[in-house]
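# Close look at the chain arrangement
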Amino acid sequence: MRPQRILIADDDPKLLALLTSSLRKSGYDTTEVLDGEAALESARAQKPDLIVADVTMPKIDGFELCKRIREDPDTADVPFIFLTALTSSTDRIKGIRKGAVDFISKPFSIDELRAKIASIIKIRTALRNENLAELRSRLKEHLEALQQIPVYQKSGGKTAGSIKEELFKKYGISKQQITIIALLKCGLLRKEISDRLA
């Protein structure tokens, strides 16, 4: 299993070095950037498991970075922690409303930060595993239901669209679910997706 990937964004090179050293010693893989724009590009390219970012950064500030991370479907579920010198409740509330899971004020305890990161990643991993297990179970149920339906076994000249519509009306199976099941059945989904659902 690969190490969890953490993106750190802060315009203070000394703080970046400290965070990088500490998190790598804890077994994390880290990427460090000095501004919000680079953080956004890195997040989109690498899809980290967690982002730690300052609020006051050049180019794009942390609030805007968090907002854009949440707006992108590829990064929307990545946990985001603000690590900042801002301490007012207004700033904290703004950060949480933008989508951050935590707001840690500087100066901070590196042990507290590591503990929070470990806890957040553990929860995220558990949720992902639960969602995969649920998806696997639902796909299995739908596949079993499909195999029992005569129209699926022999279409009798019906189009794929009319078959999907009939399955939706009779069994509540969405067209998207039917497509996924069909692709899985035919082995047309990417191998890694099939492996994760197996």
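Everything here concerns the structure above.
Quick summary incoming for the structure in this document. From a predicted model like this one, the values you see are computed outputs, not experimental measurements. (Residues numbered from 1 in each chain as written. Predicted model: local features only at pLDDT ≥ 70, side-chain atom pairs only at ≥ 80, totals over all residues. Heavy atoms only, no water.)

Before going further, it helps to examine unusual backbone geometry. Here Lys 106 and Pro 107 are connected by a cis peptide whose omega angle stands at -5 degrees. The phi torsion at Lys 47 lies on the positive side, around 50 degrees, for a residue other than glycine.

Moving on: the pattern of salt bridges. For the structure shown, the criterion picks out nine salt bridges. Across the salt bridge formed by Lys 67 and Glu 71, the nearest N and O atoms sit 3.0 Å from each other. Within this pair, Lys 67 and its partner Glu 71 are both found in helix α3 (residues 62–71), separated by four residues, close to a single helical turn. Residue Lys 67 is classed as partly exposed on the basis of its relative accessible area of 30%. With a relative accessible area of 52%, Glu 71 lands in the exposed category. When the shortest N-O distance is used, the salt bridge between Lys 116 and Asp 102 registers 3.1 Å. In this pair, Lys 116 sits in helix α5 (residues 110–148) while Asp 102 sits in strand β5 (residues 102–105), placing the two residues 14 residues apart along the sequence. Judged by relative accessible area, Asp 102 falls into the buried class, the value being 17%. Here the salt bridges do not stand alone but share partners, grouping Asp 10, Asp 54 and Lys 106 into one network. (Salt bridge = Lys/Arg side-chain N within 4 Å of Asp/Glu carboxyl O. Helix = DSSP H or I, 4+ residues; strand = E, 2+ residues; numbered from the N terminus. Buried < 20%, exposed > 50% of the residue type's maximum accessible area, 1.4 Å probe, protein only.)

Each strand in a sheet pairs with another by means of backbone hydrogen bonds, the pair being arranged parallel or else antiparallel. Pairing in this open sheet of five strands is parallel, and the strands run β2-β1-β3-β4-β5 from one edge to the other. This sheet does not close on itself; its edge strands, each paired only once, are β2 (29–33) and β5. The sheet shows a mean angle of 20 degrees between the axes of neighbouring strands, taken without regard to direction. Bridge count for strand β1 (residues 5–9) against strand β3 (residues 50–53) is four bridges, and the pairing is parallel. Bridge pairing in β3 places Ile 6 opposite Leu 50. Each of β3, β4 (80–84) and β5 touches α3; the most contacted strand, β4, lies at about 175 degrees to it. (Pairing = 2+ DSSP bridges. Axes fitted to C-alpha atoms, helices over the stretch in contact; angles between N-to-C directions. Contact = heavy atoms within 4.5 Å.)

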